[in-house]
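Residues per chain, in single letters:
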Amino acid sequence: MKKKKVAFYTLGCKVNFCETEALQTLFEKAGYSVTDFDRPADVYVINTCTVTGISDHKSRKAIRRARRRAPGAIIVATGCYAQGFPDEVEAMEQVDLVVGTHGRENLPQLVAELEQDRSPRQLVRPYGDSCTFEMLPPGRRRGRTRGFLKIQEGCNQGCTYCIVPAVRGPLRSLPPEEAVARAQAMVESGYREIVLTGIHLGLYGAELEGVTLAVLLEELERIPGLLRLRLSSIEPSDITGELVERIIASEKICPHLHIPLQSGDGEILSMMNRPYTPEEYLYLVRWLRSMKSDLAISTDVMVGFPGEREENHRRSLAFVRSVNFSRLHVFAYSPRPGTPAAEFPGQVERAVKERRSREMIELGKKMAASFRRKFIGSRQEVLIEKVSGQDSQFFGEGFTPHYLRTRVSLDGRGRGWTGKAVEVIIEGEEGEFLRGVPLRQT
Ligand code: F3S
């Protein structure tokens, strides 16, 4: 019998992408074959995001696109936008099934029921305090070198701009034995770098006895064949002495931390309900650098938060410049229904937000270039993720431990280089890449 086909479309962050991979496995186990979103399929699953108004818009657009592609297919909307605004999603005539960000373990069965009875369903469950970690199977493995492992879910921080706690529920963690088993399986299937991810990653283990992120990292480091571990993001308040000691002692944990700042202005941070001041953030950065001077520190910065006057923005720019980040992700504030900041006075005009974004992005580019250039002339390890070229001239692309994208000229073995760690001398840069020449392969 011909296999049924399912296609996926994912919006949003790495957590969503991890979950899509897990849902793919779920459908494969139920006898489906996975196809591209642009091809005909029996079922389309759109894993939505709601972090900004644009994310909602893009989620709706993907749903409509799926319906246009296959008028008779079953369209499933899942993820954060579906969890946050189930009625809005259900009202779309293109949608057959709405499920949120949990309770998806039996999604293929729900689809099978819909095939018998095509009346649209909205099965989004609100979060309760007792909700547990959604045990989807490990994601599909596609012979990549760097893979994401979701180990934590939920957030209770209460930043005034953020809708994520409302759509991701309370804190919960993947049990450590399961996290180790999943990481082991990833390594056995070819992954050499694992990026640990979660909604509030630093609070991994908060609801478990005697488990912290540092403890889990120590366990994961013992996995033979695993070359690198990386943290996707960590809140300033979660960087403990225990964690820093672990990072410093480790040969596998990458010297790169993504520590969300959001604003470099104290007044705005306080209105955002972020639990630190710029001075405390700077103190943390100095402490980290005093122990690991070459540590790459990247961050997220938001511009145009309600009440942000020009002087707040200038102070934020000056603070960001003084920290000297290795990379900057810039976001313009977007009011999210149901969050306190959406009701704050002093909403900033779109044109002003756009101009402030441009200024922050420009600063980010300069800082990234200056951080990158410090490595010219040094010896680095690049984990090759992608190879291009032909005949005897091949180029590999990958990252250094400090998360610097590097292009490496390789010999005639071509694609055999994928997944290899190559020792290189950094000779210069090519646009936003570093350029490396191999010394030896590890
Ligand atoms: Fe979007 Fe949900 Fe991630 S809102 S950014 S997909 S946690």
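Since this is a predicted model, take the numbers as computed values, not measurements.

**Describing the overall build of the protein**
Along the protein, the regular secondary structure elements total 13 helices and 19 strands. Taking 22 Å as the expected radius of gyration for a compact globule of 442 residues, we find that the protein reaches 23 Å, a close match to that expectation. Along the first, second and third principal axes, the C-alpha atoms of the protein reach 65 × 60 × 45 Å. When each of the 442 residues of the protein is scored for burial, the buried share is 55%. Considering only residue pairs separated by 6 or more positions, the protein has 72% of its internal contacts joining residues 24 or more positions apart. With an accessible surface of roughly 19400 Å², the protein has 51% of that area assigned to carbon and sulfur atoms. Each charge class in the protein was averaged separately, 63 positive and 57 negative side chains, and the resulting centres sit 6 Å apart.

**As for the pairing of strand 7 (residues 146–150)**
Across the 5 residues of strand 7, 4 count as buried, placing the element largely inside the fold. By the bridge criterion, 5 bridges tie strand 7 to strand 10 (residues 193–197) in an arrangement that is parallel. Along strand 10, the bridge assignment pairs glycine 147 with isoleucine 194.

**Quick word on the site of the ligand**
Around the ligand sit Cys13, Asn16, Cys49, Thr50, Val51, Cys80, Arg168 and Ile199, and that is every residue in its neighbourhood. Of the residues contributing to the shell around the ligand, the split by class is 5 nonpolar, 2 polar and 1 charged.

**Looking at unusual backbone geometry**
Positioned with a positive phi, glutamine 262 is a non-glycine residue whose angle comes to about 75°. Its location among the elements puts glutamine 262 in the loop between strand 12 (256–258) and helix 10 (266–272). One non-glycine residue, tyrosine 403, lies in positive phi territory at about 65°. Relative to the helices and strands, tyrosine 403 resides in the loop between strand 16 (393–399) and strand 17 (405–410).

**Structural notes on the sheet that holds strand 3 (residues 43–48)**
Spatially, 2-1-3-4-5-6 is the arrangement adopted by the 6 strands of the open sheet, whose pairing is parallel. If you trace the sheet from one side to the other, it starts and ends with strand 2 (33–35) and strand 6 (121–122), each paired once. Bridge analysis of strand 3 against strand 4 (residues 74–79) gives 6 bridges, and the strand direction is parallel. Across the sheet, the residue bridging to asparagine 47 is threonine 78, located in strand 4. The strands touched by helix 1 (residues 14–29) are strand 1 (5–10), strand 2, strand 3 and strand 4; relative to strand 1, the strand with the most contacts, the crossing angle is about 175°. Against the sheet, helix 2 (residues 53–69) contacts strand 1, strand 3 and strand 4, and its axis sits at roughly 175° relative to strand 3.

**So, the packing of aromatic side chains**
Per the stated rule, a full pass over the model turns up 13 aromatic pairs. Here the aromatic rings of phenylalanine 27 and tyrosine 32 are separated by 5.1 Å at their centres, their planes lie at 80°, and the arrangement is edge-to-face. Per residue, the accessibility class of phenylalanine 27 equals that of tyrosine 32, and both read buried. Relative to tyrosine 403, the ring of phenylalanine 399 lies with its centre 4.3 Å away and its plane at 5°, an arrangement referred to as stacked. Here the two residues phenylalanine 399 and tyrosine 403 agree in accessibility, since each one is buried. Through a chain of ring-to-ring contacts, the aromatic side chains of Tyr161, Phe305, Tyr333 and Phe344 assemble into a single cluster. Over the ring of phenylalanine 17 we find lysine 14, and its NZ or CZ is 5.8 Å from the ring centre. The ring of phenylalanine 433 has arginine 407 sitting right over it, with the charged end atom 4.1 Å from the ring centre.

**Comments concerning the sheet that holds strand 12**
As summarised here, the arrangement of the 3 strands in space is 12-13-14, forming an open sheet in which the pairing is parallel. At either end of the open sheet lies a strand with only one pairing partner, and these are strand 12 and strand 14 (327–332). Averaged over all neighbouring strand pairs, the angle between strand axes comes to 15°, with direction disregarded. Sheet topology places strand 12 next to strand 13 (residues 296–303); 3 bridges connect them, and they run parallel. Opposite histidine 256, over in strand 13, you have alanine 296 as the bridge partner. Helix-sheet contacts for helix 13 (residues 350–373) involve strand 13 and strand 14, and the interaxial angle to strand 14 is about 170°.

**Section: the state of the cysteines**
Note on terminology: disulfide describes a covalent bond linking the sulfur atoms of two cysteines. Taken as a whole and assessed by the stated rule, the structure comprises 0 disulfides. Free cysteine: cysteine 131, not disulfide-bonded; nearest cysteine sulfur from cysteine 80 at 13 Å.

**Examining a nonpolar patch on the surface**
On the surface, Ile248, Trp287 and Met291 cluster together into a nonpolar patch covering about 240 Å² of accessible area. Relative to the elements of secondary structure, methionine 291 occurs in helix 11 (residues 278–291). Residue classification places methionine 291 among the partly exposed positions, given a relative accessible area of 36%.

**Concerning the domain arrangement of the protein**
As assigned here, the protein comprises domain 1 (5–122), domain 2 (146–373) and domain 3 (379–441). Using C-alpha coordinates to define each centre, domain 1 is positioned 28 Å away from domain 2. Each partner contributes to the interface: domain 1 provides 16 residues, whereas domain 2 provides 14 residues. Together domain 1 and domain 2 conceal approximately 1300 Å² of surface at their shared face, both sides included; 64% is due to carbon and sulfur atoms. When residues of domain 1 are sorted by the area they lose upon contact with domain 2, Lys14, Val15 and Cys18 head the list and together hold 34% of the total. Applying the counting rule to domain 1 against domain 2 returns 3 salt bridges. In this structure, the salt-bridge partner of glutamate 19 is arginine 168, at a minimum N-O distance of 2.8 Å. Between domain 1 and domain 2 we count 7 residue pairs in polar contact (both at pLDDT 80 or more) in total. A total of 5 residues in the side of domain 1 that touches domain 2 trace back to one element, the largest contributor, which is helix 1.

Quick notes on the rules
Within every chain, residues take consecutive numbers counted from 1 along the sequence as written. With the structure being a predicted model, the display of local features is reserved for residues of pLDDT at least 70 and the display and counting of side-chain atom pairs for 80 or more, all residues being used for whole-chain, interface and lining totals. Computation of side-chain values: all heavy atoms of the structure, hydrogens and water removed. Strands are runs of DSSP state E lasting at least two residues, helices are runs of H or I lasting at least four, and both sets are numbered from the N terminus onward. Radius of gyration here is computed from C-alpha atoms only, and the compact-globule reference equals 2.2 Å multiplied by the residue count raised to the power 0.38. Burial status follows relative accessibility: with a 1.4 Å probe on protein chains alone, a residue under 20% of its type maximum counts as buried, one over 50% as exposed, and anything between as partly exposed. For this analysis, residues touch if any pair of their heavy atoms sits within 4.5 Å. The protein chains shown are the only cover counted for residues, whose accessible areas, like all others here, come from Shrake-Rupley with a 1.4 Å probe. In summary, the charge assignment counts Lys and Arg as positive and Asp and Glu as negative, without counting His or the chain termini. Where a charge lies is defined by one atom per residue type, namely NZ (Lys), CZ (Arg), CG (Asp) and CD (Glu). Note: two strands are recorded as paired if DSSP finds a minimum of 2 bridges between them. Residues are labelled near a given molecule or strand when at least one of their non-hydrogen atoms is within 4 Å of it. Each residue gets one of three labels, nonpolar for Ala, Val, Leu, Ile, Met, Phe, Trp, Tyr, Cys and Pro, charged for Asp, Glu, Lys and Arg, and polar for the others, Gly among them. Interaxial angles span 0 to 180 degrees and are taken between N-to-C directions of axes, which are lines fitted to C-alpha atoms, for helices over the stretch in contact. Note on aromatic contacts: the rings of Phe and Tyr and the six-membered ring of Trp form a pair at centre separations within 6.5 Å, being stacked when their planes are under 30 degrees apart, edge-to-face when over 60 apart, and tilted otherwise. Our definition puts a charge over a ring when NZ of Lys or CZ of Arg is within 6 Å of the ring centre and also within 35 degrees of the ring normal. Any two cysteine sulfur atoms lying within 2.5 Å of each other are counted as a disulfide. Residues with no salt bridge and a relative accessible area higher than 30% make up the patches, which join like charges within 9 Å and nonpolar side chains (Val, Leu, Ile, Met, Phe, Trp, Tyr) within 5 Å. Put simply, a salt bridge is a Lys or Arg side-chain nitrogen that is within 4 Å of an Asp or Glu carboxyl oxygen. Note that the domain bounds reflect an automated or database-derived domain assignment. Two parts placed together each lose some accessible area; with a 1.4 Å probe, that loss summed over both constitutes the buried area. By the criterion applied in these results, polar contacts are pairs of N or O atoms within 3.5 Å in which, for protein atoms, one can donate a hydrogen and the other can accept it, and in which residues neighboring in sequence qualify only through two side-chain atoms.

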